[in-house]
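# Coordinates in review
Residue strings, one per chain:
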2 protein chains.
Amino acid sequence: MISKSEIKLITSLKQKKYRTSTGLFVAEGPKVIRELMQEGMKLHSLYTTNLEVITSEGAVEISEKELQKISFLTSANTALALFYTQSNKEITSEGLIVALDAVRDPGNLGTIIRLCDWFGVSQLVCSEDSADCYNPKVIQATMGSIARVPLQYTDLSVFLKETQLPVYGGCMNGESVYSEKFPKQGVIVMGNEANGISEKVLKLLTKKITIPQFGKAHKTESLNVATATAILLNEFKRSSFTEM
Amino acid sequence: MISKSEIKLITSLKQKKYRTSTGLFVAEGPKVIRELMQEGMKLHSLYTTNLEVITSEGAVEISEKELQKISFLTSANTALALFYTQSNKEITSEGLIVALDAVRDPGNLGTIIRLCDWFGVSQLVCSEDSADCYNPKVIQATMGSIARVPLQYTDLSVFLKETQLPVYGGCMNGESVYSEKFPKQGVIVMGNEANGISEKVLKLLTKKITIPQFGKAHKTESLNVATATAILLNEFKRSSFTEM
């Protein structure tokens, strides 16, 4: 059984303002929930149609109909959990750092978080107007990665002014990545889907870098921000890898 | 005004079988429609709420309510067009070729088509069980790219047996891409989202290649197929670029 107030709480978490005020977010499906638990995310509550598939202290068995009522998915899985969001810790300014300047699409943010996990990025810094990492779409897409990648929301200009690391920006009119030798430690800034990196942040770049274009594509077109991040992260990693 | 039979035709095109039997597909929004026209795709019919925004010979002005009725989007744009699909032409076996082995997600296919456009891929070969390139989601995501990238559906095993080019496969257990020098011409095979490259196709590879993993991510995890394609295409292009 699930109470009306529980239903109200859960469905409210679709909106960022309620995730912020309660400090909770939703994850669905045994696989995602299990990964988050394994990664040490603190569980608030767990609802499932089958306690044999997934369980925890205080887990509540509910009917399929009840689960569909609280699920954000078109077809509910067999479990839904609430976890506590992680509070902002101190920002690392070492290693390879990715900084997002108003990346708005949850799908892109999710892909970028998975990439940061793959490439062992030490810190993902997001401007305050970037997509929320506890958006249900991000959680479902990133699975355990969300818990493994140190992620911070902050004023990007302040962070970039303070860092001692070189700051590279993914741009349309920079130096070709093929002629660069990238350092082991540095910041890669990626900009908004429609407008790229903002004027304010552009001024704080050490260097603009560009992925060369080879096709007949119009010069005004750009790579999707998540695929561009994939290529740039790989370029940084290949630089430090091949020097070893 | 739009007739009942027109509505029936258009809404049927959500399904692949009707796109195949009629040889038509749907594109929405003046920007996408204009790009496809500019790229020489043959227009079948055009419906718009405003002939001043977009027009063509035989264009039909309809009401917003009528447009919403035929639109596949949650909020209809101002125009919807039907275009003729392109019939399979002869397959090129020169240059850089991307081959997809059962890539099922339209979002991934759309991203890969845009990447092929960016990197000037000469041919995109898809196995018959890959996502359909005329799926409305693919069309909306790729815009003009769909018309610029030569794309074929075929029996992948037959194609790979016949090609004279070296065949590389994106795998979890291959040679690191950082230790490879890639040729200007070759085939890059990318596999299914869940299962990777099929057994049948694995046997036809000249070489398995892998993007090194650096993070704490589980060894069983993999990069998304579209981001992996981005990195591999960039690796091939950088090889031929840096040798110049």
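Rules used throughout
Residues numbered from 1 in each chain as written. Chains lettered and ligands numbered in written order. Predicted model: local features only at pLDDT ≥ 70, side-chain atom pairs only at ≥ 80, totals over all residues. Heavy atoms only, no water. 1 Å grid on protein atoms, 1.4 Å probe; cavity = no way out; pocket = protein on both sides within 12 Å on 5 of 7 lines; lining within 4 Å. Points joined across faces, edges and corners; volume = space filled by probe spheres on them. Nonpolar A, V, L, I, M, F, W, Y, C, P; charged D, E, K, R; others polar. Least-squares fit on C-alpha atoms with pLDDT ≥ 70 in both. Contact = heavy atoms within 4.5 Å. Helix = DSSP H or I, 4+ residues; strand = E, 2+ residues; numbered from the N terminus. Expected span 1.5 Å × (residues − 1). Buried < 20%, exposed > 50% of the residue type's maximum accessible area, 1.4 Å probe, protein only. Polar contact = N/O pair within 3.5 Å; in protein donor to acceptor, adjacent residues only side chain to side chain. Pairing = 2+ DSSP bridges. UniProt positions renumbered as here; feature names shortened; annotations may be inferred. Salt bridge = Lys/Arg side-chain N within 4 Å of Asp/Glu carboxyl O. Domains from an automatic or database assignment. Buried area = accessible area lost by both parts, 1.4 Å probe. Axes fitted to C-alpha atoms, helices over the stretch in contact; angles between N-to-C directions. Parallel < 35°, antiparallel > 145°, perpendicular 65-115°, else oblique. Left-handed = near helix turned anticlockwise from the far one by under 90°.

### Some thoughts on empty space enclosed by the protein
Per the stated rule, a full pass over the model turns up two cavities of 30 Å³ or more. Forming the walls of the second largest cavity are L223, N224 and T227 of chain A together with T111, R114 and L115 of chain B. In the lining of the second largest cavity, the residues fall into two nonpolar, three polar and one charged.

### As for the relation of the copies chain B and chain A
Superposition of chain B onto chain A requires a rotation of 180° combined with a translation of 0.0 Å along the rotation axis, giving an RMSD of 0.0 Å. On the angle and the small slide along the axis, the relation comes out as a two-fold axis. Comparing interface residues between copies, 100% of those in chain B also sit at the interface in chain A, which points to an isologous, same-surface contact.

### Quick word on helix α10 (residues 225-242) of chain A
Given 3.6 residues per helical turn, the α-helix brings residues three or four places apart onto the same face. Residue and element names in this part refer to chain A. For α10, which comprises 18 residues, the first-to-last C-alpha distance of 25 Å matches the rise-based estimate of 26 Å (1.5 Å per residue) to within 8%. With 16 of 18 residues buried, α10 is to be regarded as a mostly interior element. Taking the backbone nitrogen of A226 as reference, a side-chain oxygen 2.7 Å away marks N224 as the first, capping residue of α10.

### Side note on the sheet that holds strand β2 (residues 43-48) of chain A
Residues and elements named next belong to chain A. Read from one edge of the open sheet, four strands run β1-β4-β2-β3, paired in mixed fashion. The strands lining the two open edges of the sheet, one partner per strand, are β1 (24-28) and β3 (60-61). In this sheet, strand β4 (residues 79-84) lies alongside β2 in antiparallel orientation, the contact comprising five bridges. Across the sheet, the residue bridging to S45 is L82, located in β4.

### Thoughts on the UniProt feature "domain: MRM3-like substrate binding" (unreviewed entry) in chain A
In the numbering used here, UniProt assigns the feature "domain: MRM3-like substrate binding" (unreviewed entry) to residues 5-80 of chain A. Helix makes up 41% of residues 5-80 of chain A and strand 20%. Its end C-alpha atoms lie 16 Å apart.

### Here we look at the pairing of strand β9 (residues 186-190) of chain B
All names here are of chain B. Among the five residues of β9, five are classified as buried, and the element is accordingly described as predominantly covered. Of the two faces of β9, the one holding G186, I188 and M190 and the one holding V187 and V189 are both buried throughout. Judged from the five bridges that link them, strand β5 (residues 96-100) and β9 form a sheet pairing that is parallel. From the neighbouring strand, A99 faces β9, where its bridge partner is V189. One ladder, built from three bridges, connects strand β8 (residues 167-176) with β9; its direction is parallel. Bridge pairing in β9 links G169 to V189.

### Quick notes on the interface of chain B and chain A
With 37 residues of chain B in contact, the opposing surface of chain A contributes 37 residues. Linking chain B to chain A there are two salt bridges. For the side of chain B that touches chain A, the secondary-structure elements that each account for two or more residues are α5 (106-118), α7 (145-148), β8 and α10 (225-242) of chain B. The greatest single-element share of the side of chain B that touches chain A, amounting to 10 residues, is contributed by α10 of chain B. Broken down by class, the residue content of the side of chain B that touches chain A amounts to 15 nonpolar, 12 polar and 10 charged.

### Describing the domain arrangement of chain A
All names here are of chain A. Taken domain by domain, chain A consists of domain 1 (4-84) and domain 2 (96-242). Using only C-alpha atoms to locate each centre, domain 1 and domain 2 end up separated by 30 Å. The interface is formed by 14 residues belonging to domain 1 together with 12 residues belonging to domain 2. For the pair domain 1 and domain 2, the summed buried area comes to about 1,200 Å², and 64% of that belongs to carbon and sulfur atoms. Interface area lost by domain 1 to domain 2 is led by R19, V32 and E39, which between them contribute 35%. Linking domain 1 with domain 2 are three salt bridges.

### Overview of the packing of α10 of chain A against α10 of chain B
At a minimum axis separation of 9 Å, α10 of chain A and α10 of chain B run at an interaxial angle of 55°. It follows from the interaxial angle that α10 of chain A and α10 of chain B lie oblique. Remark: the crossing between α10 of chain A and α10 of chain B carries right-handed chirality. Listed contacts from α10 of chain B to A226, T227, A230, I231, N234, E235 and R238 of chain A of α10 of chain A are A226, T227, A230, I231, N234, E235 and R238 of chain B. Residues belonging to the contact of α10 of chain A with α10 of chain B are distributed by class as follows: six nonpolar, four polar and four charged.

### Here we look at unusual backbone geometry
Most peptide bonds take the trans configuration, and most residues that are not glycine carry a negative phi. All names here are of chain A. Within the chain, M143 stands out as a residue other than glycine whose phi angle is a positive 50°. Tracing the sequence through the fold places M143 in the loop between α6 (136-142) and α7 (145-148). Looking at M143, the relative accessible area reads 21%, which means it is partly exposed.

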